[in-house]
Every structure is written in C-alpha cells, then in structure tokens.
Number of protein chains: 2
Amino acid sequence: MSHPHPDLTLPPPLPEGGLRVVPLGGLGEVGRNMAVLEHAGRLLVIDCGVLFPEDHQPGVDLILPDFDYIRDRLDDIDAIVLTHGHEDHIGAVPYLLRLRRDIPLVGSQLTLAFVEAKLKEHRIAPLTLPVREGQVEQLGPFECEFVAVNHSIPDALAVAVHTAAGTVLHTGDFKMDQLPLDGRITDLRAFARLGERGVDLFMVDSTNAEVPGFVTPEREIGPVLDQVFAESTGRVVVASFASHVHRVQQVIDAAVANERKVALVGRSMVRNMGIASELGYLRVPDGLLVDLKQMENLPDDRVVLMCTGSQGEPMAALSRIANGDHKVSVGPGDTVILASSLIPGNENAVFRVINGLMRLGARVVHSGNAKVHVSGHASAGELLYCYNILRPRNVMPVHGEVRHLIANAALAVRTGVPADRVVLAEDGVVVDLVDGRASVVGAVPCGYVYVDGSSVGELTEVELKDRRILGDEGFVSIFAVVSSGDGKVLAGPQIHARGVAEQDGVFDEILPVLTEALEEAARSGATDTHQLQQVMRRVVGRWVSNKLRRRPMIIPVVVEA
Amino acid sequence: MSHPHPDLTLPPPLPEGGLRVVPLGGLGEVGRNMAVLEHAGRLLVIDCGVLFPEDHQPGVDLILPDFDYIRDRLDDIDAIVLTHGHEDHIGAVPYLLRLRRDIPLVGSQLTLAFVEAKLKEHRIAPLTLPVREGQVEQLGPFECEFVAVNHSIPDALAVAVHTAAGTVLHTGDFKMDQLPLDGRITDLRAFARLGERGVDLFMVDSTNAEVPGFVTPEREIGPVLDQVFAESTGRVVVASFASHVHRVQQVIDAAVANERKVALVGRSMVRNMGIASELGYLRVPDGLLVDLKQMENLPDDRVVLMCTGSQGEPMAALSRIANGDHKVSVGPGDTVILASSLIPGNENAVFRVINGLMRLGARVVHSGNAKVHVSGHASAGELLYCYNILRPRNVMPVHGEVRHLIANAALAVRTGVPADRVVLAEDGVVVDLVDGRASVVGAVPCGYVYVDGSSVGELTEVELKDRRILGDEGFVSIFAVVSSGDGKVLAGPQIHARGVAEQDGVFDEILPVLTEALEEAARSGATDTHQLQQVMRRVVGRWVSNKLRRRPMIIPVVVEA
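Model, not experiment: these values are computed from the prediction. Every chain's residues receive numbers from 1 upward, in the order its sequence appears when written. To label them, take the chains in the order written and letter them from A, then take the ligands in the order written and number them from 1. Owing to the predicted nature of the model, reporting of local features is limited to residues with pLDDT of at least 70; listing and counting of side-chain atom pairs is limited to 80 or more, with chain, interface and lining totals taken over all residues. In computing side-chain properties, one takes all heavy atoms of the structure into account and sets aside hydrogens as well as water.

Draft legend 1. Seen up close, the overall build of chain A. The helix and strand inventory of chain A stands at 16 helices and 25 strands. When its C-alpha atoms are laid out on the principal axes, chain A stretches across 85 × 70 × 45 Å. Counting over 561 residues, chain A shows a buried share of 60%. Contact between two residues is taken to exist if any of their heavy atoms lie within 4.5 Å; hydrogens are not considered. Of the contacts formed within chain A by residues at least 6 apart in sequence, a portion of 71% connects residues at least 24 apart. A run of H or I in DSSP becomes a helix once it reaches four residues, and a run of E becomes a strand once it reaches two; helices and strands are each numbered from the N terminus. Throughout this description, buried means an accessible area under 20% of the type-specific maximum (1.4 Å probe, protein chains only), exposed means over 50%, and partly exposed covers the range between.

Structural data, given as structure tokens:
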C-alpha cells in the first residue's frame, strides 16, 4: 500500500509556525505504533513499535513502520519519546537506531530498561533520558510534559507536547483503573490542567472505543486467582504476557497466600521479571522463586509455574507443555490458567493449546470462563470522561484498526467536538495543525516493511505472493539440457515437484510429451532457452491443471551445454 | 494421526448381540461428522460431512472422515442417515458414494434436496428414502425412529436407533428454541417417551456445552433487522450462511415491512434459497425478488442484497464488495449487516472485511454490536433439560473439540449419570454397547483425508509440511550439468530462488564457491549425482542460513550429459 488514500497527494510544505503530524504505523492496524511530529524544522518521534504478521504474510518475522518519510531527515530528529515498554511501541527502535545511533530515547525508567535490554541484543547502546510523570523536558522546539497513565505494564506515560503551534496531547496506551494495584492512576488532574490551558490536538488510544462501559478493575483478578489456586490439588501453571508485571505480581501474591513456590518459565518472562524486580516494580518475597530443577523436588500442590505462550505460540512454553514436549508435564489434578487476553487472530492456536491441555486431563481456566484478565485499554466510558475533561479543539484517534478509529471519532463528536475537528487518518496521512485547526493535507507513501531473517525491507509483496502460491499449491520444477547448437535435448527433461499431491510416478506420463514438445520447438527453430522454457511451462502447466486440478508454481529451466 | 489414543489398540471382535459405535469424524474437531453403528453384522452410518482446513493445512480444499474402517465392508452398510443439510454433515457424501453408489440416503425432504443438488455436481444420482419426524423405518437390523429437532437449518432430525442391543439416540445438531419461526420445536415429548422406554446410549451435540444458560430465541432477531433497515437511508446488504433459510426469511420479512426489494447474491445463496422456496420452507412474496440488473434501477433505499461471505471468505461476495471489487458497491449511507456467527479462526478475515466496509463509509452491524445472530446449538441449560428428561443409561458426547466434549460430559455427570457411564471418545475410538453398558474397547486408525484439487486422500502430512516450509521460507533450486564420465561441470550451476527475500544477484556470490565444491568433489572421486547433489545442498544451505538467516527448501539437481 503506497498511498493510503488514493485520492490524496503529496502534501504542500508545512506553513511556518505550523505543526505537522504523520503517523507511520498504528492507524489502520493494531501494532507498529509510530508518529512523527514536525515543528520549526525539527522532528519528534513518538513510539516506534512492531506489528506481528498474519497468516497471509507467511514466514515474516516482524513488520516495521516505513521509515522512508524520515530517512533523509534523521539528523532533524530531536528525540524518540517512548510511552511504554510494549513491543508494539518499542520493538522497532533497534531498526531506527541502526540508521542513526545517537537519537536520544526518552521514557520512564521501566520503559528504558526494557528497550535497553532489547537494544543490547542488537549491540546498540543508546543515549537515554529517563523522565517521570510531572517532569517537563525541552527537546528542541518541543516542550514535553509527561503525565502518568495506567496501562497493562507499569510506568506508562502520556506526553503533552507544547509548541508555538499549539499543544498536542498523546495518550500512549492507557486505561483509567481507579484502584490500580500500584496506586499509579491515570492523572486526570493533569488532564484537567491541560484542558484548561488548551489542548489543540488530542491523539487518543482507540483500541476499546467500540466497547461500551468501563474496564473491569485489575484487582478483581487477585481473588479469582487465589480461589483457583486454593481449589487445585496439583500443580498450577499460569500463562500470560512476559511484560505483564502486575499480573505476575498477582500470581506471586496468590502463591504466597496458598503456600506455593513460583518458577518462572520462558526466556522473556525470566528476563522481564528480572528487570522489573531489580527496579522495584515487582515485589518478590525472598525464597519464593525456584528454578525448574528445585521445582521437581517439591510436591505438586506447592508449586506455581509462571510461563509464556498465552497466545498459543508454538515455540513458547505453554504450547509445548500442551503437546507433552516440555520438561514440565501436566495431567489430572493440575490447573492451567491463561491469564491473558485472546488477541483476535490467535483463536485457533489458543484453542489448540486448551484442547491439548484438557486432553492431558488438566483443568483449564481462561478469560472465557473466569475473570482472569482485564483489558489495558480505555473503553468508551473512560474515553468520554477524557473528552469532557480535556475539551480538545481537535481530535485524532490513534492506535486501532479503521473500525476502532471510527468508533473513537464518534465518541468525540458525541461529547461536542465538531465533526470537522475530528481527523480520521491512516498510516502515511499528513495532518497539519495550523491556526488551531487540524486537517488532512495530503499523504506520503507508507508501506509494510518486513523483517525476514536477516533482511529488513527487502521482502516484497512479490515474494509474499510467491510464498502464498508455494504454500497453497507447491511447485513443479522442470529441468532440461539442450545442445547449444541445434537445441537437441541432451539430458532430461526431469521433473521435481514438492508440495503437490501426486501418486508416485504420476509425472512420468508427461515426460515423453514434454520431450516431443521440446524437439518440435527446436525443429521449428526456437532454440532460445527462454522460448524453450515457455514451451515447458505451457505443456506442464496445462497438464497439471487438467489432471490434478491444481496450479502449482512452475519453474522451467533449460540449460545449454 | 493414526491412533487417536496411543495407549489404545485394535478392538476385539464385537460380542454377539452387542452394538458398536465408531466415530470417524466430529469428535475432537467441529466438522466432518460421521458415526458408524454396527449390529448383527450390518452397518448404519449417521452423517457424512466435511471439515474446512485451517492455515496450517495450506491449499487443502476439504478434509474428509477416514473411510478406511469401512472400506472393506461397504456392502454391509444398510443406509446413511443424514440428520440435516449442513456441509459438516453431508459434504463428504459424494466421496463415500463414489466407493459404493447405491448406499441409500435417508433424511428429511430439505436435507435430501440439498444433498441431491450437491451430488448432481459429482454426477451421482443417489437412492433416497425421505422420512419425516414420527416415522419409523427398519433399515436392516436398525429400527430407526425419527424425531424433529430445531436447528439453524429447517427440517433437522434426531434419530433413535432401536436394536436388540439397546437404543441409541443421536441428536444430530440441535437447540431448543421454544418459539421457533417455523413452529417446529425439538420434540421433547418424543424424548420423554424414549426416556421412559429407555435410552441406552445418548450421543449428544456438545458444541455449546461450555456456554451457560440458554440460546436466545431466533425471533428476537426480526425486530432488530427491521429497525436497522428502517434506519438506513441507503442500501442494505445482509450477509449470512447460504443455508440459513430462517435468517433469509427474516430478511425477507423485514424487507417487505420496509418496502424494499430483495436481490440474492452468490451462487450457493441463490441455489439453496431456490430449493428451500420450491419446497415451501421459504415464503417469498411474488415480485419481491429482483436480480442485480433490476436492482440497479431502483433507488438505494428500496433495496436489500442478501449475500454470502459472512466469514470473510476472499472469493465470496461480501469480501469483494469490501474491496471495491464487485458489481455492487457500498458507501456512506449504506448499511451492511453480518447476520451470522463468527466461526473461531475466521476473525482476521471477518475484521478485514468489516474494516474495508467501514473505510468505504458504510455502517456495519454484526453480532458483536447488535442481536443479529443466535447460535444453532443447545447451551448448557438446554442440555441439562435433555439429560433429565431422557435419563440415559450411557452418554457419549459428540460434535465438538475436546473441550466441548469434556464440558458436555461434566453436565451429564451433574444430572446423575454415573461418571463411568459417560464415554469420552475421539475419532477412531471404538465404543461397544454390551449388556446395557457402553465402554471404550480400542481404537482404529483414523486420519485426516485431504481433498486437494482432484486428488482425494493422496495429499499427506509430508506434502503439507513441504507446503508450510515453502510458504514460510520459499525455496532455492540449484541446477548443474556434469559430464557422465569424470563429473566435470558442463553447465551451471544455476540458482533459481522464489519466495526468498534477496537483493538482486545476492546468489551470485555463492556460485563460484559452489562450482569449486563440485569440482573438488569430482576430483576426489564422488561422481555419483546423488553425492554431488548433497554437496550442493550443503554448500548453499549453510550459506543461506548464515547470510540470510533463513531456511528455505533446497532442491539440488545434478544431471549427467
């Protein structure tokens, strides 16, 4: 997708004194969040995350925002503000820093700790500026005021960017749990002050805008976990995201209450909880944590395993446990809790794991049958509070698919924001804030950038389409060696097919037909290898289509010798 | 999967006078329902459906039950009883009839009409025996009594099979709407009579056993559709399953109430509703239906389109409308209603369509935001009624994944069925009813049989694995011609890669290395083409892994000339 809106053209230059906002990810998909603000010739990046591939993007590891828009202006970037430590906000930072290593990263202590651990794997040591809620930092022409928000990872921040063109308030990801586990609420008083001062553009998390009402408080989960632990006569295994510090805290608290030790399983779980614990975000009583070896010597009912794999990821711990392919085994009497959301698209994988665990005899508790997870994103009820307290002059919904953005826009309008002050944009769309009015002025090319093995941005839709054809139909490759003089067939043709349903030897039938076709072509003077390849393609393609009713990829190769 | 339970072996012979039940599909997955009953040397098949593939079965068209168990006993089959006309109950009938054309098909009028239309496409004219609720037919040693049940397609039946070994009651798919649109309730009085007579084995639909409570009545949808139609200033497009006759009836009734004409879009929708209408299951007022051409001449607010594609299927009407790739276009003012369930696994496809429609400006109504669909399967509340009215001696949950079967088993136990009389089986497991007691006595091999193009049962897990590798990683094929005498390279090596992310010419780097490796091998006496192929595989595989960090399929071919 090179132009998000086919009827939009490249934007005119930013008027002097104006502020430009270009989302490069996160609008039109849930993932790879990234926004570029421009003012007075300088750039400020807010978040830089990754998107995970779907099934029609086979083999792809990650999808990045498209950096083309800023590739020639890297030196104009004053900083990257990171609102919180989730992958869809920090995962692409290594790829941006590869382009310019010294772009300062600005974020809270935990956010920076997570991104630094990630950057270490890429052998990058970043410049960082830790900030706290309440702090104000001048980053070039952008005066950034940081505000505490509550989310499903600790230490999340919203950022109010004050410039001569006006104030942009970006929520990052947030909800508004009024009794959060760590006592750190979304600072509505700060929102009120900002509202009174005037918010010119409100960039707001749309993920749950379609959901009426309010998010269930996180602390309602604790007693449920406690109850399930108490009821279990055997082991308890809990799976959640490796970044959900508060969920792990609840598991730890329930384990203590039920006299069970806790083993962390899974590389990212161990690493992230180690970081959180060192920095004081996770309270772990001495002696509570054990490793897998120690765990084997404990009675089943004195043990809780906290692991990864809540989305049914085949290589993660939970899936392997469900397949009986892990050091840890479960069976009758054991309980497995999937204390996480079920991200749309992952249903088959998650239910495959649930069925596997139940087949082994374990009891499986999940958000479908018990209150063991709540969302991290504000529902419609909370969003309405924000619109009313802030009374923003312009609104730009962010962080959502089209349906989420549209639903969020509708909420804004319902609270009185004029419809022509609500900007519905997508990745690549250019929004200018000039004289207090935000409007779409054009769009820049903004595609999907694929990380595939060691390649970044090299895999194209052409290769993906090839992969889909190969995956659905397989391929048939045909080799023949012809004499360079007269095109006489010296060896072959040979056929090698993979991924094509065939009885043994079914291709033997076509070989004589193929040989005859090649010789006929040579006789009529077509000795060019390209022409001969086309002959082979035609003969075999037609035959496979008629006989097997399939359309595998055909790779004809003719070599002269 | 050849043995469903690795600890089960082939069963002993069926004791004289006993009844054997072998599920060949539908237990462990939702789809390809098929059960084989055996008594006094004869067989009775209940249902014969298909399963649709998931993403890890790329390119597969359909998955069939495994007929191996009955392949040598086709002449012993007295009949195939078809409970209703859904694909997961009739879709595999053509493939079974190909093996023996004259197996009688027994079912209700609408069920037989749907299966006959399907068989016509396979050029098979079956023997049929239409039956109605209340009718009793002697099919070999199986006295079959048919009972009306309510489902999401009209004319669905349960079947009570009376034999000397006892009575088996198979629900087919059912729910218990007490005010159904066609007035045809699930006949609980017949269940009560059967219960008093004695039900020895109750085979019962488990699909919604995990869902507490009761299914919302179908008739609550009518007013919602009516309201949405009335609110729409433009066109209305409704998508649902092509077999949901009652949903189409509700759309027709709402269209009449709102003075709109109806156009049916999509081959299967047109065909199925044609059959239903001819047989009197669908009431269509004269002049209501228009075709697409006539529709274009009507004002937008006088039109309803009823189409296929509610699961986001890329080739069906709705998806193409969402992509702007259909004669029918939608935009602001138009309303699209997805009046169907969202089958787990289809979320990405469905939301892709919803986002596409919203991007075009249409309003989208779906079961997530309005009451426009109810399930066709009994929830826990209805199942409890059945267990209590029937008081079956043995229970065998059917039609569900492991989690559904286990949940249904738990319901049975809660009503007082002894736990050792509840049989949890999976496809291929053999259950014998002897002296009033049902128990697992072994298992037979029972795998997935893939329909792939024109091949049936030829595609194996090997080819599927190849397709998955090809889809995720692509392939690299290497071709060289060597002299048959001394192994000297005469032409090539040439490399052709597809689906591999690469900069142009990246493989050029490896060609000289490859040539050298081949010549080295020839010099040390390895002139066998197989050995030389292994050399090529090793050199290229290692290089691709190190340089690209990918593992494409490597196809080395050495030809002697």
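Draft legend 2. Broad picture of the UniProt feature "binding site: Ca(2+)" (unreviewed entry) in chain A. UniProt positions are given in the numbering used here, feature names are shortened, and annotations may be inferred rather than shown by experiment. Under the local residue numbering, the UniProt record ascribes the feature "binding site: Ca(2+)" (unreviewed entry) to Gly-59, Asp-61 and Asp-452 of chain A. These annotated residues cover 394 residues of sequence, and their C-alpha atoms all fall within 7.1 Å of one another, placing them together at a single site. Owing to a relative accessible area of 37%, Asp-61 of chain A belongs among the partly exposed residues under this scheme. Excluding anything up to four places from it in sequence, Asp-61 of chain A contacts Phe-52, Pro-53, Val-451, Asp-452 and Gly-453 of chain A together with Arg-550 of chain B. For Asp-452 of chain A, the location among the structural elements is in strand S21 (residues 449-452). Here Asp-452 of chain A falls in the buried class, since its relative accessible area comes to 1%.

Draft legend 3. A look at the interface of chain A and chain B. Counting from both sides, the interface comprises 58 residues of chain A and, opposite them, 59 residues of chain B. For the pair chain A and chain B, the summed buried area comes to about 5200 Å², and 55% of that belongs to carbon and sulfur atoms. Basic side-chain nitrogens of Lys or Arg form a salt bridge, by our definition, when they fall within 4 Å of a carboxyl oxygen of Asp or Glu. Along the contact surface separating chain A from chain B lie ten salt bridges. Notably, a salt bridge pairs Arg-550 of chain B with Asp-452 of chain A, separated by 3.2 Å at the nearest N-O pair. What qualifies as a polar contact is a pair of N or O atoms within 3.5 Å, subject to a donor-acceptor requirement within protein and to the restriction that residues adjacent in sequence count only when both atoms come from side chains. Where chain A packs against chain B, one counts 28 residue pairs in polar contact (both at pLDDT 80 or more). Counting residues per element, the ones that place at least two in the side of chain A that touches chain B are helix H11 (347-359), helix H13 (402-414), helix H14 (461-473), strand S23 (475-482), strand S24 (489-498), helix H16 (529-548) and strand S25 (553-560) of chain A. Basically, the charged four are Asp, Glu, Lys and Arg, the nonpolar ten are Ala, Val, Leu, Ile, Met, Phe, Trp, Tyr, Cys and Pro, and anything else, Gly included, counts as polar. Of the residues in the side of chain A that touches chain B, the class split is 22 nonpolar, 14 polar and 22 charged. A 1.4 Å probe defines the accessible area here, and the buried area is the portion of it lost by two parts on being joined, summed over both.

Draft legend 4. Region of the structure containing the layout of surface pockets. All names here are of chain A. Reported here for the second largest pocket is a volume of approximately 350 Å³. Leu-181, Asp-182, His-246, Tyr-281 and Arg-283 are the residues nearest the centre of the second largest pocket, which is lined by 21 residues in total. Contributions of two or more residues to the lining of the second largest pocket are made by helix H6 (221-231) and helix H7 (245-257). Here the lining of the second largest pocket takes six residues from H7, the largest share from any one element. Looking at the lining of the second largest pocket, its residues break down into six nonpolar, seven polar and eight charged. Each of two domains, domain 1 (19-213 + 376-452) and domain 2 (218-365), supplies a minimum of three residues to the lining of the second largest pocket. The way it works is a 1 Å grid over only the protein atoms, where trapped points that fit a 1.4 Å probe form a cavity and open points with protein on both sides within 12 Å along at least five of seven lines form a pocket, and then any residue with an atom within 4 Å of a point lines it. Grid points are joined across faces, edges and corners, and a volume is the space filled by probe spheres set on the points. Boundaries of every domain are those given by an automatic assignment or by a domain database.

Draft legend 5. Seen up close, the domain arrangement of chain A. Residues and elements named next belong to chain A. What the domain assignment lists for chain A is domain 1 (19-213 + 376-452), domain 2 (218-365) and domain 3 (461-560). One C-alpha centre belongs to domain 1, the other to domain 2; they are set 31 Å apart. Overall, the association of domain 1 and domain 2 removes approximately 1500 Å² of surface from exposure, summing both partners, and the carbon and sulfur fraction of that is 60%. Its largest share of buried area at the contact with domain 2, domain 1 owes to Phe-114, Pro-154 and Leu-181, together 36% of the area lost on that side. Inspection of the domain 1/domain 2 interface yields three salt bridges. At the boundary of domain 1 with domain 2, the tally comes to seven residue pairs in polar contact (both at pLDDT 80 or more). Tallied by class, the residues present in the side of domain 1 that touches domain 2 amount to nine nonpolar, three polar and five charged.

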